[in-house]
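# Observations on chain architecture
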Amino acid sequence: MANKTSDTMDKLVSLCKRRGFIFQSSEIYGGINSCYDYGPMGVELKKNIKDLWWKSMVYERDDIEGLDASILMHPTVWKASGHVDGFTDPMLDCRETKSRYREDQLLVYVPLSGEGLLYAFPEGYPERIEKKLRKAKVDTTEYQIQPLTEIDKSLYSRLVGPDTDEPGTLTEPRMFNLMFKTFMGPVEADANIVYLRPETAQGIYVNFHNVREAGRQKVPFGIAQIGKAFRNEITPGNFIFRMREFEQMEMQFFVRPGSDEDWFDYWKEQRLKWYERAGIKSENLRFSEHGPGELAHYAKAAFDIQYQFPFGWSELEGIHNRTDYDLGRHEEFSKKNLKYFDQDSQEKYIPYVVETSTGVDRQVLVSIADAYEEEEERVVLRFNPAVAPMKAAILPLVKKDGLAEVAQNIVGKLRKQFRVFYDESGAVGRRYRRQDEIGTPYCFTIDYETKENNTVTVRDRDSMAQERISQDRIMDYLVDRVL
Ligand code: ATP
């Protein structure tokens, strides 16, 4: 197996395009930054990931209900949630290159002597900065690295931006609201401003009592939702890792105050187990705790589940103890009673919320990156069969002599339950390779022996081993292995 190197991302992006997983949005017009379209394979993979999450959250439990709230909400929701005032990132621009950076994502080489130029660079790009420093004949042993947030603004005149060689081109950081605004109705006036939701969670909070009553639930219980969210990210990038339009899978679990810490630990454990089930390698996952300085204003505790992406460890999911902040704020702003009356204890309280929140697109990227392997003779995506876009390929050895008809007959039966691929063109070896590249776990080949004794060859994607099984067993074979 080849080493995963820094060009892995380029290879993944190109495979995704070639095999119909992910395309740049509006490509024929030159594309639009940080928006992507899912092609025939991508849409299946994404759907399977969502189904697996939904199954574990909603189908397999009694204490979580589903919801699909609208993207446009009453604008006061976003005042109550703190997004109108607080959903901002400090960002700075380079006057020369017009690049834009998030202040908290830049690091700086600062000369120990206190004299000379300072060099800013984005986290995760040491190679590029090292090249630049060599060119400028900078001896890095005489520098220390500090976050830009700690650099005094008076030093900006000596600061060289990440994409230039001259100092003084970076502006001071300015606050930038990440919400997309639009107008509801024909009049473009302030009174008609609405926002594209930057997270799905608020749709859950404002429906807390609706869902609780309709679902006849008692605290503790949860509400799960999958849906689009929009953020005007300052520095989108790394393919589908940071997009401006993306999809979230969020589950908000409402609990009695005082039991929140136990539930928080419970959900941390559950979520890690889910990744195991989704087939993600455990050595590529880790928890990272938010320190006191990093905690969001509403959170009592927060852990990220990070994944070791080809560009480094980064957030995949957030697990947050949001306290009674959200429901409390909605009670204050809506003037509606959002308290819960606990019949068992006769107490009235605003429930605490333990949230698990992850991005579907990041899950897609993780699934592909984790499954990707280069072998001597092939590239293979070793997807967990549950998320693989195609569950099986049905391949007649040749089209003639009735083999194609037998194969089509099998396809017709399997299609009632599984997404399967029919391919009758080219050498069988080449057809196997094509399936390997989209991660199809099993290939069934129909040959002359099939006509004699009703058996087919099944080839396993991972081991490439082949065995013969009876044609009548194909359905059960798949049911046992890919669901
Ligand atoms: P980051 O620090 O990376 O901006 P965040 O802490 O703001 O992320 P949350 O608000 O906790 O993220 O969102 C929950 C999840 O939604 C993230 O863990 C991530 O999987 C996903 N997500 C957030 N922003 C984006 C985005 N711009 N593109 C794709 N997925 C995203």
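Just so you know, these numbers come straight off a predicted model, no measurement behind them. (Residues numbered from 1 in each chain as written. Predicted model: local features only at pLDDT ≥ 70, side-chain atom pairs only at ≥ 80, totals over all residues. Heavy atoms only, no water.)

### A look at the domain arrangement of the chain
What the domain assignment lists for the chain is domain 1 (53-86 + 180-371), domain 2 (89-175) and domain 3 (390-482). Taking only C-alpha atoms into account, the centre of domain 1 sits 34 Å from that of domain 2. Each partner contributes to the interface: domain 1 provides 5 residues, whereas domain 2 provides 7 residues. Each partner contributes to the roughly 480 Å² buried at the junction of domain 1 and domain 2, and carbon and sulfur atoms together form 49% of this total. Among the residues domain 1 hides against domain 2, the three largest losses belong to Ile234, Thr235 and Arg242. Together they make up 81% of the total. Our enumeration of links across domain 1 and domain 2 arrives at 0 salt bridges. Seen at the junction of domain 1 and domain 2, the total is 0 residue pairs in polar contact (both at pLDDT 80 or more). Among the residues making up the side of domain 1 that touches domain 2, the classes are represented as 1 nonpolar, 2 polar and 2 charged. (Domains from an automatic or database assignment. Contact = heavy atoms within 4.5 Å. Buried area = accessible area lost by both parts, 1.4 Å probe. Salt bridge = Lys/Arg side-chain N within 4 Å of Asp/Glu carboxyl O. Polar contact = N/O pair within 3.5 Å; in protein donor to acceptor, adjacent residues only side chain to side chain. Nonpolar A, V, L, I, M, F, W, Y, C, P; charged D, E, K, R; others polar.)

### Concerning unusual backbone geometry
A cis geometry characterises the amide bond from Val219 onward to Pro220, with omega recorded as 10°. Within the secondary structure, Pro220 is located in the loop between helix H7 (208-214) and strand S13 (221-230). One non-glycine residue, Lys137, adopts positive backbone phi at about 55°. With respect to the helices and strands, Lys137 occurs in the loop between helix H5 (126-135) and strand S8 (143-147). Here Phe239, not a glycine, exhibits a phi torsion of approximately 60°, which is positive. Turning to its location among the elements, Phe239 is positioned in the loop between S13 and strand S14 (245-255). (Helix = DSSP H or I, 4+ residues; strand = E, 2+ residues; numbered from the N terminus.)

### Section: the packing of aromatic side chains
Throughout the structure, instances matching the rule amount to 24 aromatic pairs. Judged by centre distance (5.8 Å) and plane angle (20°), the ring pair of Phe208 and Phe221 falls under stacked. A residue pair is termed long-range when its members are at least 10 positions apart, and Phe208 in helix H7 and Phe221 in strand S13 qualify at 13 residues. For Phe208, a relative accessible area of 1% gives the class buried. When its relative accessible area of 0% is taken as the criterion, Phe221 is described as buried. Their ring planes at 80° and their centres at 5.2 Å tell us that Trp274 and Tyr275 sit as a pair that is edge-to-face. For the pair Trp274 and Tyr275, a shared accessibility class is recorded, and that class is buried. Here the aromatic residues Tyr109, Tyr119, Phe121 and Tyr143 are joined through ring pairs into a cluster of three or more. For the cation-ring pair, Lys268 lies above Phe303, with the distance from its terminal atom to the ring centre recorded as 3.7 Å. Above the ring of Tyr432, the side-chain terminus of Arg459 is found at 4.4 Å from the ring centroid. (Phe/Tyr/Trp six-rings, centres within 6.5 Å; stacked < 30°, edge-to-face > 60°. Buried < 20%, exposed > 50% of the residue type's maximum accessible area, 1.4 Å probe, protein only. Lys NZ or Arg CZ within 6 Å of the ring centre and 35° of its normal.)

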